Amino acid sequence: MAEKQEEPSNAQNGEPDNAEEGEGKKKKLKREDLPPFEIVTGERLPAIFFKFQFRNVEYSSGRNKTFLCYVMETQGKEPATSRGYLEDEHAAAHAEMAFLNTILPRCEPGARCTVTWYVSSSPCVGCAERIADTLRRNKALHLTIMVGRLFMWDQPDVQAALRSLKAAGCKLRIMKPQDFEYVWQNFVEQEEGEEAQSFVPWEDIQENFQYYEEKLAEILH
């Protein structure tokens, strides 16, 4: 079974190390003080973010962001493939919502669109409902969601939301070790002037994959 992990440093979590803390929790900033949501397209996420945020642990302590890497293939008059990643830190909208609002509209209307997401954790209830509704309204859209972890999988409303995704035609899968390697090779930045570093699996990656795969099978059964 997946093991509980220690709290990350602010640097691992994409935040400055000198962030003020009180009562064991970081001091919250006002919404107007936070930077606006930014969509990062065609670039790679920092390796330190991948190693922490995508790790398929059971207890995701400190992992309060969603990283969504995507590949979108459109088959229309002008076939096109685009890829990139989104991060929902300091955002009113989650990464899944941001993709549906800003990336998906780039698909040619009526054209077959095949999308694959590699997400650090599965969608929350609100995002799952929006995704399912989008799939029901757009029959030309084919979506596969590969997730590193299951978000609050033991909650009945979350389980129902995941089943609604399946019913709407979404292919929901747990990321295998090979999928983490694919994300590493295609979405993680490497140091300039150096050869690409090989993906190094963490010790419990296979065990945790099997754990989450069994849980997802039970939910979707």
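The structure under discussion appears in the preceding block.
Enquirer: Where do I start with the packing of helix 2 (residues 95-103) against helix 3 (residues 125-137) in this structure?
Expert: The packing of two helices is summarised by the inter-axis angle and the distance between the axes. Axis separation between helix 2 and helix 3 bottoms out at 9 Å; the angle between their running directions is 30 degrees. Taken together, the axis directions place helix 2 and helix 3 in an arrangement best described as roughly parallel. As helix 2 runs across helix 3, the sense of the crossing is left-handed. From helix 2, Glu-96, Met-97, Leu-100 and Asn-101 reach across to helix 3, where they touch Gly-126, Cys-127, Arg-130, Ile-131 and Thr-134.

Enquirer: Even after reading the chapter, I still don't get the nonpolar core, so can you show me in this structure?
Expert: When a protein is soluble and globular, its nonpolar side chains tend to lie buried together. Judged by nonpolar contacts, the single largest core of 39 residues is most densely connected at Met-72, Phe-99, Trp-117, Ile-145 and Leu-150. Here this core takes six residues from helix 6 (residues 205-220), the largest share from any one element. Ignoring anything within four residues of it in the chain, the contact list for Leu-150 reads Ser-122, Leu-162, Ile-174, Tyr-212, Lys-215, Leu-216 and Ile-219. Counting 19 residues, the second-largest nonpolar core is a separate cluster that includes Phe-49, Phe-50, Met-146 and Met-175.

Enquirer: Could you clarify how one ought to interpret the packing of aromatic side chains in this entry?
Expert: A ring pair, where both rings are aromatic, is described by two values, the distance of the centres and the angle of the planes. Tallied over the entire structure, the rule returns 14 aromatic pairs. Centre to centre, the rings of Phe-50 and Trp-184 are 5.7 Å apart; their planes meet at 55 degrees, and the pair counts as tilted. Taken together, the residues Phe-50 in helix 1 (residues 47-53) and Trp-184 in helix 5 (residues 177-187) connect sequence positions 134 residues apart. You can call Phe-50 buried: its relative accessible area is 1%. On the numbers, 6.3 Å between centres and 65 degrees between planes, the contact of Tyr-182 with Phe-187 is edge-to-face. Relative accessible area serves as the criterion here: at 25%, Tyr-182 is assigned to the partly exposed category. On the basis of relative accessible area, Phe-187 is assigned to the buried category, the value being 1%. Members of the aromatic cluster, each reached through a chain of ring pairs, are Phe-50, Phe-54, Phe-180, Trp-184, Phe-199 and Trp-202.

Enquirer: Would you explain the environment of His-142 in this entry?
Expert: By secondary structure assignment, the location of His-142 is in strand 7 (residues 141-149). Each C-alpha atom of the pair His-142 and Cys-170 lies 7.1 Å from the other, and the pair is 28 residues apart in sequence.

Enquirer: Looking at this structure, how should I read the packing of helix 3 against helix 4 (residues 156-167)?
Expert: One way to put it is that helix 3 packs onto helix 4 with a least axis distance of 9 Å and a crossing angle of 20 degrees. In terms of orientation, helix 3 lies roughly parallel with respect to helix 4. For the pair helix 3 and helix 4, the sense of crossing is left-handed. Every residue of helix 4 that contacts helix 3 at Val-125, Ala-128, Ile-131 and Ala-132 is listed here: Asp-157, Val-158, Ala-161, Ser-164 and Leu-165.

Enquirer: Would you mind going over helix 3 with me for this structure?
Expert: Because the α-helix completes a turn every 3.6 residues, residues three or four places apart line up on one side. When the terminal C-alpha atoms of helix 3 are compared, their 19 Å separation across 13 residues agrees well with the 18 Å that a helix rising 1.5 Å per residue should span. All of the buried residues in helix 3 are Cys-127, Ala-128, Ile-131, Ala-132, Thr-134 and Leu-135. Taken down its axis, helix 3 places every buried residue within 160 degrees of arc, on the same side.

Enquirer: Looking at this structure, how should I read the state of the cysteines?
Expert: Put plainly, a disulfide is one covalent bond tying together the sulfur atoms of two cysteines. Inspection of the entire model under this criterion finds one disulfide. Linked covalently through their sulfurs, Cys-107 and Cys-113 form a disulfide whose S-S length is 2.4 Å. Lacking any disulfide linkage, Cys-124 is separated from the closest cysteine sulfur, that of Cys-127, by 3.6 Å. According to the relative accessible area criterion, Cys-124 is buried, its value standing at 17%.

Rules behind the numbers
- Residues numbered from 1 in each chain as written.
- Predicted model: local features only at pLDDT ≥ 70, side-chain atom pairs only at ≥ 80, totals over all residues.
- Heavy atoms only, no water.
- Axes fitted to C-alpha atoms, helices over the stretch in contact; angles between N-to-C directions.
- Helix = DSSP H or I, 4+ residues; strand = E, 2+ residues; numbered from the N terminus.
- Parallel < 35°, antiparallel > 145°, perpendicular 65-115°, else oblique.
- Left-handed = near helix turned anticlockwise from the far one by under 90°.
- Contact = heavy atoms within 4.5 Å.
- Core = buried A, V, L, I, M, F, W, Y, C linked by side-chain atoms within 4.5 Å.
- Buried < 20%, exposed > 50% of the residue type's maximum accessible area, 1.4 Å probe, protein only.
- Phe/Tyr/Trp six-rings, centres within 6.5 Å; stacked < 30°, edge-to-face > 60°.
- Expected span 1.5 Å × (residues − 1).
- Arc of directions from axis to C-beta.
- Disulfide = S-S within 2.5 Å.

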